Amino acid sequence: MATTRWKDTVTSDIDTALLLLMRKVENDNRSSVMSRENWTSEKVFAENRNITLFGNEIIFNVIRFAYDKITTCGVDVNVIPQSGNIIVYSANNSLNYIIDKNTDAKLILRKLLSYTGKNEIDSNKFEFDCDFFLWLINRVYYANNSIDVNDKNEFELELKSIKGFSGDTEDLQTKVSATGESVMNIISTLSFFLESRKLKQINLALKYKSHDSIELILKSGTLEVDYKSYSGSFEDDGRDELIAKLYLMSYMEIVPVLIQEYRTDIENDLWNKERYVEFMNNVANTLKEKIEAKTTAINKGLPEIE
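Residues numbered from 1 in each chain as written. Predicted model: local features only at pLDDT ≥ 70, side-chain atom pairs only at ≥ 80, totals over all residues. Heavy atoms only, no water.

**Q** Please set out the packing of helix H3 (residues 130-141) against helix H6 (residues 273-299) residue by residue, giving values where relevant.
**A** Between H3 and H6, whose axes approach to 11 Å, the crossing angle comes to 55°. What the angle tells us is that H3 and H6 run oblique. The chirality of how H3 crosses H6 is left-handed. Contacts from Leu134, Ile137, Asn138 and Tyr141 of H3 reach H6 at Tyr276, Phe279, Asn282, Val283 and Thr286. Here the residues of the contact of H3 with H6 are counted per class, giving six nonpolar, three polar and no charged. (Axes fitted to C-alpha atoms, helices over the stretch in contact; angles between N-to-C directions. Helix = DSSP H or I, 4+ residues; strand = E, 2+ residues; numbered from the N terminus. Parallel < 35°, antiparallel > 145°, perpendicular 65-115°, else oblique. Left-handed = near helix turned anticlockwise from the far one by under 90°. Contact = heavy atoms within 4.5 Å. Nonpolar A, V, L, I, M, F, W, Y, C, P; charged D, E, K, R; others polar.)

Have a look at this one:
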């Protein structure tokens with residue numbers, strides 16, 4: 001589930017927020033073209049749970065909600081059931097919501113919380129850009145995989161592989177994408193990368209602390225964790241707690257570490273325009289060599305080089 005994150009500027013107490021989120025929500029006026037009705041919400045954990053991230057205790061719970069999205073066109077009424085989850089968490093006297101919605105996330109939160117004023121909910125998203133995605137691919141391509149998380153080198157974040165990426169090509173008409181278990185090992189796939197004008201999404205496989213396999217899908221404004229492919233110390237937790245912990249760890253530890261490393265590489269001139277051009281040339285040369293080797297093998301009647 002692709003998620004967005006929002007900060008509550010009115011309520012800072014998690015139990016107060018949970019009570020608000022479970023209150024009855026009034027239906028929209030049916031006279032409008034579209035309305036939201038029949039709201040339900042429930043708390044997943046009877047007691048709040050906690051997790052320690054970067055030395056800070058995080059208190060969290062999950063709200064499961066549902067409603068009907070109703071569109072009216074003449075005499076026709078279409079009812080489309082909607083549902084979702086909200087991870088509510090308190091950290092450093094701040095209250096945030098991670099919700100598996102994007103375009104209508106703020107509206108849903110305001111409805112459930114019964115907020116009617118201004119600036120009660122602020123966006124707290126990660127705005128990833130193309131250069132950040134290019135940097136990630138560059139690090140994996142050159143097997144520069146390890147990122148020290150603290151000064152004592154007690155543990156590290158390992159960039160295991162790029163599982164896929166997508167974006168627009170130079171002519172703005174064609175979409176490019178590449179997916180697969182070993183996408184970074186398939187040279188032909190990199191030809192898509194050479195055509196890319198603006199990468200918009202990347203699928204990244206990681207190893208972190210006691211978590212052997214974490215897969216993230218990063219897109220500007222949204223973050224998704226593929227919890228089904230996860231392996232690590234959260235496996236003994238129930239499904240809801242596993243998912244909540246993975247998202248909390250990704251939002252509060254993993255992605256901030258990636259962003260910090262990206263900015264550090266820029267600051268130290270390890271990633272800049274010249275490095276990018278060098279990277280592109282290396283990719284192009286490797287692709288050229290691969291094509292030439294295959295062509296030679298075909299002309300000589302030899303088995304093609306994999």
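**Q** Got a sec to walk through the pairing of strand S1 (residues 4-8)? Specific residues and values, please.
**A** Among the five residues that make up S1, four are buried, leaving the element largely enclosed by the rest of the structure. Pairing geometry for S1 and strand S6 (residues 94-99), over five bridges, is antiparallel. By the bridge assignment, Lys7 is partnered in S6 with Asn96. Bridge count for S1 against strand S7 (residues 121-123) is three bridges, and the pairing is antiparallel. When the bridges of S7 are listed, Asp8 appears paired with Ile121. (Buried < 20%, exposed > 50% of the residue type's maximum accessible area, 1.4 Å probe, protein only. Pairing = 2+ DSSP bridges.)

**Q** Describe the pattern of salt bridges, with residues and values.
**A** On inspection of all chains with the given rule, the structure shows 12 salt bridges. Of the charged contacts in the structure, one is a salt bridge between Asp28 and Lys111, with a shortest N-O distance of 2.6 Å. Here Lys111 lies in helix H2 (residues 105-113) and Asp28 lies in the loop between helix H1 (14-21) and strand S2 (34-43), a separation of 83 residues in the sequence. In this structure, Arg239 engages Asp240 in a salt bridge whose closest nitrogen and oxygen atoms are separated by 3.7 Å. For Asp240, a relative accessible area of 24% translates into the label partly exposed. Salt bridges here are not isolated pairs; linked through shared partners, they connect Glu42, Arg64, Arg239 and Asp240. (Salt bridge = Lys/Arg side-chain N within 4 Å of Asp/Glu carboxyl O.)

**Q** Which residues make up the nonpolar core, and what values go with them?
**A** One finds Phe132, Leu136, Leu157, Leu218, Leu248, Ile254 and Leu258 to be the most contacted residues of the largest nonpolar core, which totals 55 residues. A total of 14 residues in this core trace back to one element, the largest contributor, which is helix H5 (residues 239-267). Sequence-distant contacts of Ile254, that is, excluding residues within four places in its chain, are made with Leu157, Leu206, Tyr208, Ile214, Leu216 and Met249. Ranked by size, the runner-up nonpolar core spans 23 residues in total, among them Leu20, Leu21, Tyr97 and Ile108. (Core = buried A, V, L, I, M, F, W, Y, C linked by side-chain atoms within 4.5 Å.)

**Q** Help me get a handle on the confidence of the model for the protein chain, residues and values and all.
**A** In this model, the protein chain carries a mean pLDDT of 86, and residues with pLDDT of at least 70 account for 86%. In this model residues 169-188 is a low-confidence stretch, pLDDT under 50, and it forms 47 contacts with partners more than four residues away in sequence or in other chains. (pLDDT = per-residue confidence, 0-100.)

**Q** Please provide a residue-by-residue account of the packing of aromatic side chains, values included.
**A** Counting across every chain of the model gives 16 aromatic pairs. Geometrically, the ring pair formed by Phe132 and Phe133 is tilted, given 6.1 Å between the ring centres and 50° between the ring planes. The pair formed by Phe132 and Phe133 is uniform in burial state, with each residue classed as buried. Members of the aromatic cluster, connected to one another through ring pairs, are Phe126, Phe128, Phe132, Phe133, Trp135, Tyr251 and Tyr262. (Phe/Tyr/Trp six-rings, centres within 6.5 Å; stacked < 30°, edge-to-face > 60°.)

**Q** Requested: an account of the layout of surface pockets, with residues and values cited.
**A** By volume, the largest pocket amounts to about 200 Å³. Going through the elements one at a time, H3 and H6 are the ones with two or more residues in the lining of the largest pocket. Across the lining of the largest pocket, the residue classes break down as five nonpolar, two polar and four charged. Taken as a whole, the second largest pocket spans an internal volume of roughly 160 Å³. (1 Å grid on protein atoms, 1.4 Å probe; cavity = no way out; pocket = protein on both sides within 12 Å on 5 of 7 lines; lining within 4 Å. Points joined across faces, edges and corners; volume = space filled by probe spheres on them.)

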